[in-house]
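Tertiary structure, described
Chain residues, written in single-letter form:
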Amino acid sequence: MEKLQYISQGFTIEDQELNIRKAIDNGVKWIQVRWKNASENELIKLCEVSKKICSDNQTVCIINDHVQIAKDINADGIHLGLKDTSIDIARQILGENKIIGGTANSIFDVLQRMNESCDYIGLGPLRFTSTKEQLSPILGFEGYEKIIQDLKEKGLEIPKIFAIGGVVLKDIDLLQQIGIYGVAVSGQITNQPSIINEFKIAMQ
């Protein structure tokens, strides 16, 4: 599983598509299509075009929240928030072979996600981010450290956890030391797609 996800950003379909193309052109191999304020028609259109761009570039395409759209366009998977469709229902709709990721904000959420057998966990936010409107309590590095420690104390295998929420390149070293598997980045890659290679080198 790739260690770097790009979460798409942009206020219009043109912005979104351009940012996705730039990320892929600069080496991203995993796109999460996320466009919260779109109309359904525009979102479907963006998901269709994103899936095609990703397929043409051997890039994983997962859709944020919308399980039925993910099924209809044959996306590679879905990312679900805590208040979205349950992992079980998504699995029934999408089948066994699709990637299903789930958001978490606390040790309890992480344990829930592990019980639900999702493929990876998006844990955050690391810090304040303007890309998400209803932000959960900020974890900081200490929050990640404590959750990993709790899992170890319970004798549990550490799942594939991606840090999300305001993650930037200089965070990678510390996150890896803590035991975080990967990162999902939006703002820094949108603003500076050429930084992707540095992310990939840092995460080898």
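Model, not experiment: these values are computed from the prediction.

This part is about unusual backbone geometry. In the segment running from Gly124 into Pro125, the intervening peptide bond is cis, with an omega of 5°. With respect to the helices, strands and loops of the structure, Pro125 is situated in the loop between strand 6 (120–123) and helix 6 (140–153). Unusually for a residue other than glycine, Asp65 sits at a positive phi of about 75°. On the secondary structure map, Asp65 appears in the loop between strand 3 (60–64) and helix 3 (67–72).

Tallying each qualifying case throughout the model produces four aromatic pairs. Ring geometry for Trp30 against Tyr120: centres 5.4 Å apart, planes inclined by 90°, an arrangement best described as edge-to-face. Of the two residues, Trp30 is situated in strand 2 (residues 30–33) and Tyr120 in strand 6; the sequence distance between them amounts to 90 residues. Aromatic side chains Tyr120 and Phe162 sit 5.1 Å apart centroid to centroid with 70° between the ring planes, which places their arrangement in the edge-to-face category. Residue Tyr120 is found in strand 6, and its partner Phe162 is found in strand 7 (residues 161–163); the two are separated by 42 residues along the sequence. Taken individually, Tyr120 and Phe162 each receive the classification buried, so the pair is uniform in this respect. A cation over a ring is seen here: Lys3 above Tyr181, with NZ or CZ 5.5 Å from the ring centre.

In this structure, Val183 and Ile189 are the most contacted members of the largest nonpolar core, which totals 56 residues. The contacts of Ile189, once residues within four sequence positions are left out, are Leu4, Tyr6, Ala23, Val28, Ile195, Ile196 and Phe199. Counting residues in each nonpolar core, the second largest holds five residues, with Ile62, Ile99, Tyr120 and Phe162 among its members.

Glancing now at the environment of Asn97. Within the secondary structure, Asn97 sits in the loop between helix 4 (87–94) and strand 5 (99–104). Take Asn97: its relative accessible area is 78%, and that puts it in the exposed class. Along the chain, Asn97 and Asp84 lie 13 residues apart, while their C-alpha atoms are 20 Å from each other.

Mapped onto the fold, Lys98 is located in the loop between helix 4 and strand 5. As a buried residue without a salt bridge, Lys98 has its nearest oppositely charged side chain in Asp76, at a separation of 5.2 Å. Side chain to side chain, Lys98 and Asn74 meet in a polar contact 2.6 Å long. Not counting the four nearest positions on each side in its chain, Lys98 is found in contact with Asn74, Ala75, Asp76, Gly77, Arg91 and Asp119.

Here is what the cut-offs are and how they apply
- Residues numbered from 1 in each chain as written.
- Predicted model: local features only at pLDDT ≥ 70, side-chain atom pairs only at ≥ 80, totals over all residues.
- Heavy atoms only, no water.
- Helix = DSSP H or I, 4+ residues; strand = E, 2+ residues; numbered from the N terminus.
- Phe/Tyr/Trp six-rings, centres within 6.5 Å; stacked < 30°, edge-to-face > 60°.
- Buried < 20%, exposed > 50% of the residue type's maximum accessible area, 1.4 Å probe, protein only.
- Lys NZ or Arg CZ within 6 Å of the ring centre and 35° of its normal.
- Core = buried A, V, L, I, M, F, W, Y, C linked by side-chain atoms within 4.5 Å.
- Contact = heavy atoms within 4.5 Å.
- Lys, Arg positive; Asp, Glu negative; His and termini not counted.
- Salt bridge = Lys/Arg side-chain N within 4 Å of Asp/Glu carboxyl O.
- Polar contact = N/O pair within 3.5 Å; in protein donor to acceptor, adjacent residues only side chain to side chain.

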